[in-house]
Amino acid sequence: QVQLVESGGGLVQAGGSLRLSCAASGSIFRINTMGWYRQAPGKQRELVAAITSGGSTNYADSVKGRFTISRDGAKNTVYLQMNSLKPEDTAVYYCNLRMYDRNYWGQGTQVTVSS
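Residues numbered from 1 in each chain as written. Predicted model: local features only at pLDDT ≥ 70, side-chain atom pairs only at ≥ 80, totals over all residues. Heavy atoms only, no water.

**Student:** Would you explain the overall build of the protein in this entry?
**Tutor:** When you go through the protein residue by residue, the secondary structure sums to zero helices and eleven strands. Its C-alpha radius of gyration of 13 Å places the protein within 12% of the 13 Å reference for a compact globule of 115 residues. The dimensions of the protein, computed from C-alpha atoms along their principal axes, are 40 × 25 × 20 Å. Here the protein, with 115 residues, has 40% of them falling under the buried criterion. Counted over contacts in the protein with a minimum sequence separation of 6, partners at least 24 positions apart contribute 53%. Surface accessibility of the protein: about 6300 Å² in total, with carbon and sulfur atoms responsible for 45%. When the 12 positive and 7 negative side-chain charges of the protein are each reduced to one mean point, those points stand 4 Å apart. (Helix = DSSP H or I, 4+ residues; strand = E, 2+ residues; numbered from the N terminus. Rg over C-alpha atoms; globule rule 2.2 N^0.38 Å. Buried < 20%, exposed > 50% of the residue type's maximum accessible area, 1.4 Å probe, protein only. Contact = heavy atoms within 4.5 Å. Areas by Shrake-Rupley, 256 points an atom, 1.4 Å probe, with all protein chains shown as cover. Lys, Arg positive; Asp, Glu negative; His and termini not counted. Charge placed at Lys NZ, Arg CZ, Asp CG, Glu CD.)

**Student:** Even after reading the chapter, I still don't get the pairing of strand 1 (residues 2-7), so can you show me in this structure?
**Tutor:** Remark: a regular strand shows side chains that alternate across the two faces of the sheet. Across the two faces of strand 1 the burial differs, with Val-2, Leu-4 and Glu-6 buried and Gln-3, Val-5 and Ser-7 not buried at all. Where strand 1 and strand 3 (residues 18-26) come together, six bridges link them in antiparallel fashion. Each residue of the ladder has a partner; that of Leu-4, found in strand 3, is Ala-24. (Pairing = 2+ DSSP bridges.)

**Student:** Mind showing me how you'd approach the environment of Pro-87 here?
**Tutor:** Secondary-structure assignment places Pro-87 in the loop between strand 8 (77-82) and strand 9 (91-99). Counting along the chain gives 63 residues from Pro-87 to Ala-24, while the straight-line C-alpha distance between them is 29 Å. If near-sequence neighbours (up to four positions away) are discounted, Pro-87 is found in contact with Ala-14, Val-113 and Ser-115.

**Student:** Please explain the side chain of Asn-32 as it appears in this structure.
**Tutor:** Here Asn-32 shows up in the loop between strand 3 and strand 4 (33-39). A distance of 2.6 Å separates a polar atom in the side chain of Asn-32 from the backbone oxygen of Phe-29. Not counting chain neighbours up to four residues away, the residues in contact with Asn-32 comprise Ile-51, Thr-52, Ser-53, Arg-71, Leu-97, Arg-98 and Met-99. (Polar contact = N/O pair within 3.5 Å; in protein donor to acceptor, adjacent residues only side chain to side chain.)

**Student:** For this particular structure, what's the right way to read the sheet that holds strand 7 (residues 67-72)?
**Tutor:** What links the strands of a sheet is backbone hydrogen bonding, and the strands pair in either a parallel or an antiparallel sense. Read across the sheet, four strands follow the order 1-3-8-7 without closing on themselves; strand pairing throughout is antiparallel. Across the chains shown, the open sheet's two edge strands, defined by having one partner strand only, are strand 1 and strand 7. Mean inter-strand twist for the sheet, computed between neighbouring axes without regard to direction, equals 15°. (Axes fitted to C-alpha atoms, helices over the stretch in contact; angles between N-to-C directions.)

**Student:** Would you mind going over the pattern of salt bridges with me for this structure?
**Tutor:** Working definition: two side chains of opposite charge can pair if their charged atoms are close together. Enumeration over the complete set of coordinates arrives at five salt bridges. A salt bridge links Glu-46 to Arg-38, with the shortest nitrogen-to-oxygen separation between them at 2.8 Å. Overall, the relative accessible area of 36% leaves Glu-46 in the partly exposed class. For Arg-38, a relative accessible area of 7% gives the class buried. (Salt bridge = Lys/Arg side-chain N within 4 Å of Asp/Glu carboxyl O.)

Dropping the structure here:
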């Protein structure tokens, strides 16, 4: 059984920063990819950023240069540092763990950016 627990969402003014954390527990294979997706009202869920167990990263074009993803392999934890936030970043952010071609999801954390 795999469980993902997110924290760090909230309300921030445009231009501000937030840091999301996601801790994975259970049977975690050492080779995996962890990442963050987001879903705004009326829109599809989209990839924000991902990082492999080897440290390779991938970002959505809309967040490049503003968001940074990192991970602590020993703690099975992934972080998303979000700077220069914009109102269009408002969404529910979901942590994702992909291993053995299966996807596991956190419960989601709300990020709201006011203008």
